[in-house]
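Listed here are the chains, written in short residue letters.
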Amino acid sequence: MDLNYSAEDREFRDNTRRWLEANVPTQELATLEERKAWHRKLYEAGYVGMLWPREFGGWGASPMQQAIVQDEMARVSAPPPINGLGIGFIGPTIIVHGTDWQKQRYLKKMLTAEEIWCQLYSEPNAGSDLASLRTRAEDQGDHFLVNGQKIWTSSGPISDWGILLARTDSKVAKHKGISCFLLHMRQPGVEVRPLRQITGSSLFSEVFMTNARAEKRDLIGKLNQGWEIAQTTLGWERGANSLGRVTRYAIAFTQLVRAAKELKRGGRPLFDDPVVRAKLGRIYADLEVQRYAGLRVLSALLKSDSPGAASSITKLSYTEFEKRYYELALEILGHRGQLISAREEFEEVDTSSGEPGTWATAFLWSRAGTIYSGSSEIQKNIIGERVLGLPKEVRADRLKA
Ligand SMILES: Cc1cc2nc3c(=O)[nH]c(=O)nc-3n(C[C@H](O)[C@H](O)[C@H](O)COP(=O)(O)OP(=O)(O)OC[C@H]3O[C@@H](n4cnc5c(N)ncnc54)[C@H](O)[C@@H]3O)c2cc1C
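Residues numbered from 1 in each chain as written. Predicted model: local features only at pLDDT ≥ 70, side-chain atom pairs only at ≥ 80, totals over all residues.

Caption draft 1: Main features of the packing of helix 1 (residues 7-23) against helix 3 (residues 63-75). Orientation of helix 1 relative to helix 3, taken along the N-to-C sense of each, is 35°, at an axis distance of 10 Å. With respect to the hand of their crossing, helix 1 and helix 3 are arranged in right-handed fashion. Together, D9, F12, R13, T16, R17 and L20 of helix 1 and M64, Q65, I68, V69, E72 and M73 of helix 3 make up the contact between the two elements. A per-class count over the contact of helix 1 with helix 3 returns 6 nonpolar, 2 polar and 4 charged. (Axes fitted to C-alpha atoms, helices over the stretch in contact; angles between N-to-C directions. Helix = DSSP H or I, 4+ residues; strand = E, 2+ residues; numbered from the N terminus. Left-handed = near helix turned anticlockwise from the far one by under 90°. Contact = placed C-beta atoms within 7 Å. Nonpolar A, V, L, I, M, F, W, Y, C, P; charged D, E, K, R; others polar.)

Shown next, in the form of structure tokens:
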């Protein structure tokens, strides 16, 4: 891959920078309506749905241009667009597996955040072992009747639609009896109960479906093809382009170093302590590794349409890094971490608590990274089996031989 910017890329970066400097909100966006208005502005400028085909309301831009926008947005701490789940991986799933009707009906409104989307996959007893899910969808002739419970549904409280996995055949192997639907969240059979998180906010929820209705036209792909469709969603969810994320870490790192120079222990700046310096040096090297991992994803995206199973490597790497990073930050900042802003942007919208983006909240959020979209242990299993082609089970007697 050629990692140099072309003249066209450089011009695109200059234009993006100018646009952001003129338009980035100067005040915090406190309400969902304010977030939607900012999202709409970004969309109209061509900075949302950049990789989506033009026929579905996207901008047909290159992954390089998208990386430039993410980088520039991080540089000025611009609030991120909303509907991240929809635009990041539910929309792309509809583009790959959906019917023409579904594409026309849902995609544009998703891009403009007119309709917010959530992902109804995990259940109380089906997280890592997603194929064990028990929510049922029964064919009623003209529609499906849905009964069951989902949990950890991000953006559930503000969503209009959800992508749903439900069992449609319980007599076949568990992976083979699952179908994928688009479910209207604003109907009497769907009850959303917000869950309060350790950060104090309620970004996710439990969702109870009692005789909820999924229309026939909202089945994605074929009946019982849900497992295959879920793999498309998860590939995008795990492997999303992460260069903007690296820029945010780098900005925060500069702030951390500044804090270490200002804060004193025993009358001397923390930065003078060789142990603190060594730890900062190590985490900086780690941060550079993340930058190159981000470039690797960008390179893969420039060559193919979908990140695939290798996206598990990126997900494992950056989420484990985030935990080390924020642990170190709190170790250095101590109780001040509760007060100092980390200029961290959270991908999801919190409209309930006005949660401050302190180092402490960033630390708490980093604990979620190695769980969502499949835990670190599950990513390691995927890397072993699907990327490296290792055998699923190693028999003890063969190990001895
Ligand atoms: C912030 C956040 C947002 C989320 N948003 C959504 C959402 O929008 N929609 C949605 O559907 N879900 C969502 N989830 C749920 C997430 O996908 C699950 O939490 C995750 O898949 C793990 O499942 P679980 O919580 O049931 O844990 P379990 O599967 O019960 O796992 C418990 C522990 O056992 C380990 N383990 C389990 N199986 C294996 C194995 N085979 N080998 C080795 N170790 C194993 C796990 O790594 C983990 O440490 C979200 C989760 C978080 C934290």
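Next comes the rest of the write-up.
Caption draft 2: The site of the ligand, seen in detail. Taken together, 18 residues are adjacent to the ligand, and Y121, G127, S128, S375 and E377 come closest. Only strand 1 (117-120), strand 3 (143-154) and helix 11 (376-387) provide two or more residues apiece to the shell around the ligand. By residue class, the composition of the shell around the ligand is 8 nonpolar, 9 polar and 1 charged. (Near = placed C-beta within 6 Å.)

Caption draft 3: Molecular detail of the packing of helix 3 against helix 8 (residues 274-303). Contact geometry for helix 3 and helix 8: axes closest at 9 Å, N-to-C directions at 145°. Contact residues: helix 3 offers P63, M64 and A67, while helix 8 offers L298, L301 and L302. Classifying every residue of the contact of helix 3 with helix 8 gives 6 nonpolar, no polar and no charged.

Caption draft 4: Quick peek at the pairing of strand 2 (residues 136-139). Both strand 2 and strand 3 contribute to a ladder of 4 bridges, which runs antiparallel. Across the sheet, E138 pairs through a bridge with L145, a residue of strand 3. The antiparallel hairpin formed by strand 2 and strand 3 contains 3 residues in its connecting segment, where G141 sits at a positive phi of about 95°. (Pairing = 2+ DSSP bridges.)

Caption draft 5: View of the pairing of strand 7 (residues 204-215). Note that strand 3 and strand 7 share 9 bridges and pair antiparallel. Directly across from K150, in strand 7, lies its bridge partner V207. Across 6 bridges, the pairing between strand 6 (residues 190-195) and strand 7 is antiparallel. From the neighbouring strand, R193 faces strand 7, where its bridge partner is E206.

Caption draft 6: View of the environment of W19. Its location among the elements puts W19 in helix 1. Residue W19 is classed as partly exposed on the basis of its 17 C-beta neighbours within 10 Å. Between the C-alpha atom of W19 and that of A45, which follows or precedes it by 26 residues, the distance is 8.4 Å. (Buried ≥ 20, exposed ≤ 12 C-beta atoms within 10 Å, placed from the backbone.)

Caption draft 7: Geometry of the nonpolar core. Formed by 79 residues in total, the largest nonpolar core has its most connected members in L164, L165, F181 and L183. At 7 residues, the largest contribution of residues to this core is made by helix 9 (residues 311-333). Discounting residues that sit within four places of it in the chain, F181 has contacts with A137, F144, L164, A166, A214, D218, L219 and I220. (Core = buried A, V, L, I, M, F, W, Y, C linked by C-beta atoms within 7 Å.)

It is worth stressing that arrangement in space is one thing and function is another; only the former is reported here.
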